[in-house]
Amino acid sequence: MKISKQQLAKIIKEELSEVLQDAGGVWVIERTGVGSDERYLQRGNQWGPLWDPEVPDVVGALVFGDKAEAANYLTQNDISTDNRPYPSFYSDDDMEKMELQVRA
């Protein structure tokens, strides 16, 4: 079954919306000392922006259920940089403000 990029974006947005509603925000892994375009941990353990540059209104960073899950991911994947990656929580309000800044 093939789906278009637009359909996939819609599915991701809907699923993420459910996760965000349940959690009241998102847990991500970020690092210090770098710009926002390379601050957040992405798939493949690469660093990039919080928002997906190809799909509007969708978080591109890896999202975790809680701080412990994010911390375990760091340990299990031996992710270490000089910039001290750490779990961060962004509330729904924080996410909305950040999304508006990206759009501006």
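Structure first, text after, so check above.
Everything in this summary refers to the structure shown in the same document. Bear in mind the structure is a predicted one, so any value in this text is a computation, not a measurement.

### Regarding the overall build of the chain
Each helix and strand counted, the chain has 3 helices and 4 strands in total. Listing the helices and strands of the chain from first to last along the sequence gives α-β-β-β-α-β-α. Expressed as a percentage of the 104 residues in the chain, the buried residues total 34%. Carbon and sulfur atoms provide 48% of the accessible area of the chain, an area that totals close to 7100 Å².

### Thoughts on a negative patch on the surface
On the surface, Asp-92, Asp-93, Asp-94 and Glu-96 cluster together to form a negatively charged patch. One can find Asp-92 in helix H3 (residues 92-103).

### Re the side chain of Gln-42
Locating Gln-42 in the fold gives a position in the loop between strand E2 (40-41) and strand E3 (47-48). Apart from residues no more than four positions distant in its own chain, Gln-42 is found in contact with Trp-47, Gly-48, Pro-49, Gly-60, Ala-61 and Leu-62.

### A look at the side chain of Ser-88
With respect to the helices and strands, Ser-88 occurs in strand E4 (residues 86-91). Residue Ser-88 is classed as buried on the basis of its relative accessible area, which comes to 8%. Within the local environment of Ser-88, its side chain forms a polar contact with the side chain of Glu-30, the two groups lying 2.7 Å apart. Leaving out residues up to four positions away in the same chain, Ser-88 has contacts with Val-26, Trp-27, Val-28 and Glu-30.

### Considering unusual backbone geometry
Phi is positive for Asn-45, which is not a glycine, with a value near 55 degrees. By secondary structure assignment, the location of Asn-45 is in the loop between E2 and E3. A positive phi is found at Asp-78, a non-glycine position, where the angle reads about 50 degrees. Its place among the elements puts Asp-78 in the loop between helix H2 (67-76) and E4.

### Remarks on H2
Two or three places before Ala-68, at the start of H2, stands the capping residue Asp-66, its side-chain oxygen 3.3 Å from that residue's backbone nitrogen. One or two steps after H2, the chain reaches Asp-78, where phi turns positive at roughly 50 degrees.

Conventions used here
- Residues numbered from 1 in each chain as written.
- Predicted model: local features only at pLDDT ≥ 70, side-chain atom pairs only at ≥ 80, totals over all residues.
- Heavy atoms only, no water.
- Helix = DSSP H or I, 4+ residues; strand = E, 2+ residues; numbered from the N terminus.
- Buried < 20%, exposed > 50% of the residue type's maximum accessible area, 1.4 Å probe, protein only.
- Areas by Shrake-Rupley, 256 points an atom, 1.4 Å probe, with all protein chains shown as cover.
- Patch = residues over 30% accessible without salt bridge, like charges linked within 9 Å, V, L, I, M, F, W, Y side chains within 5 Å.
- Salt bridge = Lys/Arg side-chain N within 4 Å of Asp/Glu carboxyl O.
- Lys, Arg positive; Asp, Glu negative; His and termini not counted.
- Charge placed at Lys NZ, Arg CZ, Asp CG, Glu CD.
- Contact = heavy atoms within 4.5 Å.
- Polar contact = N/O pair within 3.5 Å; in protein donor to acceptor, adjacent residues only side chain to side chain.

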